[in-house]
Each structure stands twice: as C-alpha cells, then as structure tokens.
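# Structure at a glance
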Amino acid sequence: MAKRSRRFMDLGLIQDFAVKKLETEQRLSRVFIAFINNPMARYVVVGGDVTPCKFGNNNFSCVIAGRSLADLAYGQDLFREISSHVAATFSEEDLHSTVILDFFRTALRWEMEDMRVPQGYALEVMIADKMGHLIRIDFSGEIEIDDLGDDKDIILSGAYDENFKKRLLVDLKKAPKKINEEALEIFGKYLEKKYKLKNVCFIA
Amino acid sequence: MKRELLERVLHSVIPRSQILEHARNGPKSASRSEKRMHSGTTVLAFRYADGVLFAADRKTSDSYLGIIDVDSYKIHQLSNLSIIGCAGSVGDIQFVVKAMEQVAEGFWGQFGYPLSILGQANHLANILRDFSFYVWPLEVHALIGGLSLKGEFEIYEVWGDGGKRKGDYITIGSGTDYAQTVLKANKGPIRDKKLNLKNSIDLALKAIYRAGESDNGTSDLRIATPTIAVVTKNGFEEIDTRIIEKAARVLIERERQ
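Residues numbered from 1 in each chain as written. Chains lettered and ligands numbered in written order. Predicted model: local features only at pLDDT ≥ 70, side-chain atom pairs only at ≥ 80, totals over all residues. Heavy atoms only, no water.

In terms of regular secondary structure, chain B is built from nine helices and 13 strands. Residues classed as buried in chain B amount to 49% of the 257 residues present. Summarising the internal contacts of chain B: among those between residues at least 6 apart in sequence, 63% fall at separations of at least 24. In the form shown here, chain B has an accessible surface area of approximately 13,100 Å², with 51% of it arising from carbon and sulfur atoms. (Helix = DSSP H or I, 4+ residues; strand = E, 2+ residues; numbered from the N terminus. Buried < 20%, exposed > 50% of the residue type's maximum accessible area, 1.4 Å probe, protein only. Contact = heavy atoms within 4.5 Å. Areas by Shrake-Rupley, 256 points an atom, 1.4 Å probe, with all protein chains shown as cover.)

This is how it looks when you write it as structure tokens:
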C-alpha cells in the first residue's frame, strides 16, 4: 500500500514538472533568437516583447532573450553573478563561453526542477565564442552546440509554436545578406508587423 | 660600537626580518615555524625573447643553521603553459602547489580553456589570504608565470598575506637582495626581451651564484646545479641539467679569474 501511494506521488510530481515545462514553453512560443549565418555577414535577430540584453568580453558574445522583463532580469542577475564570481576567484579573462554555459545550464535546470516554484524562467540564451562555436541554452537548461563553419544558414532558438516557427523560418531566409542599417530596419518592421511582436532587434 | 659589531655579525647569519622580530619581541621559545623545514631559497623569474624563464637553487634548510637537502626542486609545472616557484615552509609549499595543480587541471578539464596566469595568481592570493587569518598562516612566497590567453608572457609575485604584483623580473627568497641586483643590472635587455635562451641561462646562473655566495639559505653553485625551466609558445620545458652544468662551469671559471 505504501509503495503504491509513493508511486502515485511520483507520478504527480512528474505531471507537475511536465505542466511547468509546457507552460514555460508556451510563454516562449513567440520569442526567438536567430543566428543568420551568411558568407557576407553574420548577425543575430532577436524577437519578442521585451528588448533582449547582450553581454560579452574578448572571449565571447552572449544574447539573452526573455518573455518578460522579470525573466530577463533573472538572466541578467545570473550573468552578473557568474562574471563577478569568476572575476573574484580567478580573473575576468577566465570568463569563457563554456563557463557561462556551465553556470546557466545548471541554474536553469535547477529552477525548472525546483517544484516549490510554480513557474519556470522563460529565457533563451545564445553564445558565440572566439573558437567559432554557437551555443544555445534553452529555458530548461538543455544545450545545443553548432559550429559556425557549418552550412546552416539559420540557427534558431526559442519559437516553440510550431506554426510560428515554420513561417518565421521562411521569412528569415529573406533576411538581408549584408549588414545594411536601412535594410535591417525595414526587415525588422516587417517581422514586427507580421507576427505582432513588440520588439525585433539586430545584434552584429 | 659593540652593538654595531654585533648587528653586523648577526646580519651575516640571520636574515634581517628575524633580527627585527627578535628586537621587538625578545627571544621566543621554539615555535612551530622554527622547527619546520624551510627553503631559504633564491627563486627568480624573468622574461626573455621566447617566453619566461624560472630558476631556483636546490637547498632545503632546517631553520637557519641546518641543511636538509641540496637536491630539492622548487620550480613546479602547473599546466602546460604555467610554472610556479616557491620559497617558504616546505609543507606549505607542497600543499599550495598541489592545490594549484588541481585548480589548473580542473579548470582546463571542466571548461576546455587554460586558466589564465592572472587567474592562477589571483586564486593563489585568495588561498594565502584566507590562511593568513589562521593561527598558523601558510608560509609561502610564490612566483607564478607563463603564457597568458592574450598571447603575452606574464610573471606575478604573490606574498603570504595575499598581495600580488606583476613584473618583468622578480626574485623571491632569502637570496633576493643579491640575485635582484644582478637582474636589475640587466633590466634593459629583459624589458626589451633581447635575451636569448643561452644568455638568459647565463644571467639566471649568475644571479643564483651571487646569492649563493652571500646568502645562507641558497645553495652554492659549486655544490648543487640550479633548476631552470621555461615556458615558451611551445609550452613548458625543463632545461637539461647537462646544459646548466656546462654553463655553470664556465661561470665559475670566469669568476675565479
């Protein structure tokens, strides 16, 4: 009898976890970070309701996109905590993409698996480092690493709404091939209008 | 007059810091630090054309009157791109070197990048600072050097209280005054990185020779061949003892004339 109730309890926890994950995924359904990998120019397009934040040093560049300002503030806090911790223990030179990856992955996974907190942080992180790697960390701490030398034209993170993702990928193929301020602005306005996004910005 | 004479005699056998402590506090009973093995030591490091060079004598002293060993290694490889050289208490040095090796290896293993030289110096400074509040602080004075992530060769001196400084040429240990004088006389070529490996070995040996002549804690060049190691863009390399012995023989011969 005791065994049975324990099994039911576990199942409840897994259900709660699945719901929490799904809810966070839904909140990020129309938030995306896309890396445009053209031979002429490489840049990042970020779309969502709030302005993303960008960090970096000589070793890497990192973009954090979130569903709301509260989510984004958590990402910023996390980044500042990591950078100050590394600078105090070692030095600022030792803040590498893999250090950020390790801390973010652990923190986001911890937040997702902590069932005392009902809502996960809706954050997507993309890191490009000097070794030519593009690292994506999703809201649950899962990671994907791509080589920038690969043939992939578009590397997308977020956009968990499948219909939105399909249409967005078609549109991102039309993204300007060169970094031209006017062309990018026009393309940004087009995405904002078509997908009813409050903010689309470009990071070179 | 008597006092001056006494001080002069004392200076020739006991380091100045000991005399000052004795003058301030009076004679003290045998403490832990007096019983421990010390490497009185001359460890030096400077930049040369291809990287950084570390050199050290081989003597381990028991207090200031006994000699435990004249075959000690005071320079240790931390990673493929960094070296540490230490003066102080042997047990504390062994602890610090082990801790630093683990950190350097662990960082590389976990994050896939080498820990920067500044990062290693900061970490050591943090360890020493933490221990400085203990009843028995770590008696370590260290030099850390190697190739930084920017592609520059760096040398840091870290004191027992957690202080640190960067320099082109630095000497630590009881033979500092004598060896530093030799390096200071060559500061131009060191700063301009004009010294090649052969000239650098000769300079390092001369500095240790001078220290060995006058300092009780440094082994004489005629008795023990110093250890010399370099870090270049190709990584860590310990210089062959036969090369050092050959250069030492030439130096000793020249000094005799």
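Here the narrative resumes, following the displayed structure.
All names here are of chain A. With respect to topology, four strands assemble into an open sheet ordered E8-E1-E2-E9, the strand pairing being antiparallel. The sheet is open, and its two borders are formed by strand E8 (154-158) and strand E9 (199-203), each paired with just one other strand. Each neighbouring strand pair of the sheet contributes to a mean axis angle of 15°, computed without reference to strand direction. Judged from the five bridges that link them, strand E1 (residues 32-37) and E8 form a sheet pairing that is antiparallel. Across the sheet, residue Ile 36 finds its bridge partner in E8, namely Ile 154. Seen against the sheet, helix H4 (residues 162-172) touches E1 and E8 and runs at an angle of roughly 150° to E8. (Pairing = 2+ DSSP bridges. Axes fitted to C-alpha atoms, helices over the stretch in contact; angles between N-to-C directions.)

Its 17 residues give helix H3 (residues 97-113) of chain A an end-to-end C-alpha distance of 24 Å, which sits within 8% of 24 Å, the value for a rise of 1.5 Å per residue. Listed as buried for H3(A) are Ser97(A), Val99(A), Ile100(A), Leu101(A), Asp102(A), Phe104(A), Ala107(A), Leu108(A), Glu111(A) and Met112(A). (Expected span 1.5 Å × (residues − 1).)

The subject of this paragraph is the interface of chain B and chain A. At the interface, 16 residues of chain B touch 15 residues of chain A. Between chain B and chain A lies a buried interface of about 1,300 Å² when both sides are counted; carbon and sulfur atoms form 57% of it. Contact with chain A buries area across many residues of chain B, yet Phe111(B), Tyr113(B) and Leu149(B) alone supply 45% of it, more than any other trio. Our enumeration of links across chain B and chain A arrives at one salt bridge. In this structure, Lys150(B) engages Glu93(A) in a salt bridge whose closest nitrogen and oxygen atoms are separated by 3.6 Å. (Buried area = accessible area lost by both parts, 1.4 Å probe. Salt bridge = Lys/Arg side-chain N within 4 Å of Asp/Glu carboxyl O.)

Turning our attention to the nonpolar core. In this structure, Ile64(A), Leu95(A), Ile100(A), Phe104(A), Ile127(A) and Ile137(A) are the most contacted members of the largest nonpolar core, which totals 29 residues. Those elements that provide at least two residues to this core are strand E3 (53-56), strand E4 (60-66), helix H2 (69-89), H3, strand E5 (123-129) and strand E6 (133-137) of chain A together with helix H4 (90-111) of chain B. Contacts of Ile64(A), omitting those with residues within four sequence positions, involve Pro52(A), Cys53(A), Phe55(A), Leu72(A), Gly75(A), Phe104(A), Leu123(A), Glu124(A) and Val125(A). Counting 28 residues, the second-largest nonpolar core is a separate cluster that includes Ala179(B), Leu203(B), Tyr209(B) and Ala211(B). (Core = buried A, V, L, I, M, F, W, Y, C linked by side-chain atoms within 4.5 Å.)

A separate point is the side chain of Asp171(A). Residue and element names in this part refer to chain A. With respect to the helices and strands, Asp 171 occurs in helix H4. You can call Asp 171 buried: its relative accessible area is 1%. Side chain to side chain, Asp 171 and Tyr 195 meet in a polar contact 2.4 Å long. With residues near it in sequence (within four places) discarded, Asp 171 still touches Phe 187, Tyr 190, Leu 191, Lys 194 and Tyr 195. (Polar contact = N/O pair within 3.5 Å; in protein donor to acceptor, adjacent residues only side chain to side chain.)

Here we take up the pairing of strand E11 (residues 169-172) of chain B. All names here are of chain B. Burial along E11 is two-sided: Tyr 169 and Thr 171 facing one way and Ile 170 and Ile 172 facing the other are all buried. Inspection of the sheet shows strand E2 (residues 43-48) paired to E11 by four bridges, in the antiparallel sense. Within E11, the position partnered with Leu 44 by the bridge is Thr 171.

Let us now look at the packing of aromatic side chains. All names here are of chain A. For the coordinates displayed, the defined rule picks out 13 aromatic pairs over all chains. Between Phe 164 and Tyr 195, the aromatic rings sit 5.1 Å apart at their centres with planes inclined by 85°, giving edge-to-face as the arrangement. Taken as a pair, Phe 164 in helix H4 and Tyr 195 in helix H5 (residues 181-195) lie far apart in primary sequence, 31 residues in all. Both residues of the pair, Phe 164 and Tyr 195, count as buried. (Phe/Tyr/Trp six-rings, centres within 6.5 Å; stacked < 30°, edge-to-face > 60°.)

Here we take up the side chain of Asp94(A). Examined against the element boundaries, Asp94(A) turns out to sit in the loop between H2 and H3. Ignoring any residue separated from it by four or fewer positions in sequence, one finds Asp94(A) in contact with Val86(A), Val99(A), Phe107(B), Pro114(B), Leu115(B), Ser116(B), Gly119(B) and Leu149(B).

One non-glycine residue, Ala159(A), lies in positive phi territory at about 50°. For Ala159(A), the location among the structural elements is in the loop between E8 and H4. Of note in this structure, Lys193(B) is not a glycine but carries a positive phi near 55°. Residue classification places Lys193(B) among the partly exposed residues on the basis of a relative accessible area of 41%.

All names here are of chain A. Taken together, the five strands give an open sheet; going across it, the order is E3-E4-E5-E6-E7, and neighbouring strands pair in antiparallel fashion. Because the sheet does not close on itself, it has two edges, and the strands there are E3 and strand E7 (143-147). Across this sheet, the average inter-strand angle for adjacent strands is 15°, counted without regard to direction. Across five bridges, the pairing between E6 and E7 is antiparallel. By the bridge assignment for E7, His 133 is matched with Asp 147. Where H2 meets the sheet, it contacts E3, E4 and E5, and its direction lies at approximately 155° from that of E4.

A few words now on the environment of Gly66(B). Residues and elements named next belong to chain B. By secondary structure assignment, the location of Gly 66 is in strand E5 (residues 66-69). For Gly 66, a relative accessible area of 24% corresponds to the partly exposed category. Sequence separation between Gly 66 and Asn 216 is 150 residues; the distance between their C-alpha atoms is 9.9 Å.

This brings us to the state of the cysteines. Working definition: the covalent bond between the sulfur atoms of two cysteines is a disulfide. Residue and element names in this part refer to chain A. Across all of its chains, the model carries zero disulfides over all chains by this definition. Free of any disulfide, Cys 201 has its nearest cysteine sulfur in Cys 53, 10 Å distant. We classify Cys 201 as buried; its relative accessible area is 19%. (Disulfide = S-S within 2.5 Å.)

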